[in-house]
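Listed here are the chains, written in short residue letters.
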Amino acid sequence: MNAPAGTVSQTIDKLIDAEQARFAETHPRSARAWAQGRRHFLYGGPSHWMRRWAGGFPVYVEEARGCHVRDIDGNDYVDFCLGDTGGMCGHASEAVTRAAIRQLERGTTHMMPTEDGLWVGEELTRRFGLPYWTLTTSATDANRGAIRIARMITGRDKVLVFSGCYHGGVEEAHVELRDGRMQMRNMIHPNGVDHARVSKVVEFNDAAALEAALAPRDVACVLMEPLMTNFGMIPAADGFHEAVREAARRTGTVLIIDETHTLSCGPGGYTRLHGLEPDVFVAGKAIAGGIPAGIFGVSEEIATRLWDKIPHLNPRRRQSAHFGIGGTLAGNALTVATMRAVLADVLTPANYEKMIGRADRLLAGARDIIASRGLPWHVTQIGARVEIMFSPTPPRNGADVIATRRGDLETLLRTFYMNEGILVTPFHTMLLMCPATEDADVDKHGAVFERFTDMVLKSGVA
Ligand SMILES: Cc1ncc(COP(=O)(O)O)c(C=O)c1O
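All figures in this text were calculated on a predicted structure; none of them were measured in a lab.

Brief notes about the pattern of salt bridges
Pairing is possible between side chains of opposite charge, provided their charged atoms come close.
Here is step 1 of the chain: The full count for this structure, using the stated rule, is 30 salt bridges.
Here is step 2 of the chain: Among the salt bridges present, the one from Asp-116 reaches Arg-340, with a minimum N-O distance of 3.0 Å. In this pair, Asp-116 is assigned in helix α4 (residues 116-128) and Arg-340 in helix α11 (residues 333-346), connecting sequence segments 224 residues apart.
Here is step 3 of the chain: A relative accessible area of 30% places Arg-340 in the partly exposed class.
Here is step 4 of the chain: Here Asp-443 and Arg-361 are joined by a salt bridge, their closest N and O atoms 2.9 Å apart. Placement of the pair is Asp-443 in helix α15 (residues 439-459) and Arg-361 in helix α12 (residues 349-372), with a sequence separation of 82 residues.
Here is step 5 of the chain: Given the relative accessible area of 37%, Arg-361 is considered partly exposed.

Quick word on the domain arrangement of the protein chain
Here is step 1 of the chain: Here the protein chain is described as being made up of domain 1 (5-88 + 349-459) and domain 2 (94-346).
Here is step 2 of the chain: On a C-alpha basis, the centres of domain 1 and domain 2 stand 28 Å from each other.
Here is step 3 of the chain: Taken together, the contact between domain 1 and domain 2 spans 31 residues of the former and 31 residues of the latter.
Here is step 4 of the chain: Both sides of the domain 1 and domain 2 interface together cover about 2,400 Å² of buried area, and 63% of this is carbon and sulfur.

Things to note about unusual backbone geometry
Here is step 1 of the chain: Even without a glycine there, the phi angle at Leu-82 is positive, about 45°.
Here is step 2 of the chain: Following the sequence through the fold, Leu-82 ends up in the loop between β3 (76-79) and α3 (94-104).
Here is step 3 of the chain: The residue Asn-205 is not glycine, and still its phi comes out positive at about 70°.

Quick look at the site of the ligand
Here is step 1 of the chain: Residues in close proximity to the ligand total 13 residues, the closest being Thr-140, Asn-230, Asp-258, His-261 and Lys-285.
Here is step 2 of the chain: A distance of 3.5 Å is found between an oxygen atom of the ligand and a backbone nitrogen or oxygen belonging to Ala-139.
Here is step 3 of the chain: The separation between an oxygen atom of the ligand and a polar side-chain atom of Thr-140 is 2.6 Å.
Here is step 4 of the chain: No other element matches the three residues that helix α5 (residues 139-154) contributes to the shell around the ligand.
Here is step 5 of the chain: Its residues assigned to classes, the shell around the ligand shows two nonpolar, eight polar and three charged.

A look at the sheet that holds strand β4 (residues 132-136)
Here is step 1 of the chain: Spatially, β4-β12-β11-β10-β9-β5-β8 is the arrangement adopted by the seven strands of the open sheet, whose pairing is mixed. In the strand order of this sheet, the two ends are held by β4 and β8 (199-202), each with one partner. Pairs of neighbouring strands in the sheet enclose a mean axial angle of 20°, with direction left out of account.
Here is step 2 of the chain: Note that strand β5 (residues 158-162) and β8 share four bridges and pair parallel. Bridging across to β8, Leu-160 finds its partner in Lys-200.
Here is step 3 of the chain: The sheet strands contacting helix α8 (residues 240-250) are β5, β9 (219-224) and β10 (254-258), and the helix crosses β9 at an angle near 160°.
Here is step 4 of the chain: Packed on one face of the sheet, helix α10 (residues 300-309) meets β4, β10 and β12 (294-298) and runs near 85° to β12.

About the cut-offs
- Residues numbered from 1 in each chain as written.
- Predicted model: local features only at pLDDT ≥ 70, side-chain atom pairs only at ≥ 80, totals over all residues.
- Heavy atoms only, no water.
- Salt bridge = Lys/Arg side-chain N within 4 Å of Asp/Glu carboxyl O.
- Helix = DSSP H or I, 4+ residues; strand = E, 2+ residues; numbered from the N terminus.
- Buried < 20%, exposed > 50% of the residue type's maximum accessible area, 1.4 Å probe, protein only.
- Domains from an automatic or database assignment.
- Contact = heavy atoms within 4.5 Å.
- Buried area = accessible area lost by both parts, 1.4 Å probe.
- Near = heavy atom within 4 Å.
- Polar contact = N/O pair within 3.5 Å; in protein donor to acceptor, adjacent residues only side chain to side chain.
- Nonpolar A, V, L, I, M, F, W, Y, C, P; charged D, E, K, R; others polar.
- Pairing = 2+ DSSP bridges.
- Axes fitted to C-alpha atoms, helices over the stretch in contact; angles between N-to-C directions.

Here it is in structure tokens:
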């Protein structure tokens, strides 16, 4: 018989407390560093993302290599978080390190192009299909640039996103559907933005709702991941992408596909794997091997509309106009050099094959454990990325995730992972492979996950 929900939640709380106490015992130096950091950093660490680790405080890193991290207390981890995808090339990857050192010795940023960029531009077009590219310092910035262009050429304000999405610091996207209404995305601070004016949100996989939202022709762009990765993993239903493409085209809406996470699918991302036709393609995080960078590419049509609409900004006709897009350090020599190394030597077809093979192995192992114990959980994979979710089937949209998500069990799993030497992103239960991830690393995950399932079954909280 199942235990009542209140009892389950109390038991899970107790288990999390016990895991956090175990974590504190084995991480005394990190605990002290955290206490010290809080004296000078607004969020305790240099970035607020660093404070959210499941152990209760972050581990301070001594060294990271390949898919392994050693902390200042001497604990070793298999890293499946990989900087929440920023480290997907593997830590201290030889090709990236060599390229970075070479460029550091030649100057990093001078607001002039280097010849590496010529190769990078050509390769981005070859891989992802879009003819014209811009580099930024982050995926957030790439999305912002893409939205800006969509607004310029359409003369419209609104950005349409899917409930449960995350596209970085893009405020327009910080909304979700709750109780049938657009509201601030849960867990995001108020941002002062008038969302009624600049945002629209519909459920993923709901082509009819999308049609209705685009019909008034007041939406500048649809901003979407091809498969949602930031609210569990939500696969696209058959025909959904075709419906989005068609509706956007018919209503003059720009379609931006954000592949920041779905680059895990393969060398050309989900777009190339499934033959999508974005007007704008966005990526970031791993694209320069951990050096801050984002990219966006636009179609021939978008470029033509841009220059027709704003001839005074066309650099081919006249110089020296402000675009208000990107940052001073965007596309600098260091970024371009490391991006070249990533595209030439790290995120190669051969390495993707290896990474996806490891992900297949991890998925099969986790599914076996779940099936052999009859647990109502599922595992999803997109290329090198795997996610374990505590519901029987993959969600169709954000509403399904809200209805079925077991946040407390996820927190318990993440805390348990940390104590057993596994790192996962503190706000996903996502496991990402890099080229250095080996079978032994994957098998360690299997053993730890098995112990976790035994613990929750014994405690009656599964
Ligand atoms: C799909 C997607 N796009 C964009 C971003 C923003 O990336 P960054 O924070 O590196 O700018 C994220 C971050 O998680 C993301 O998941």
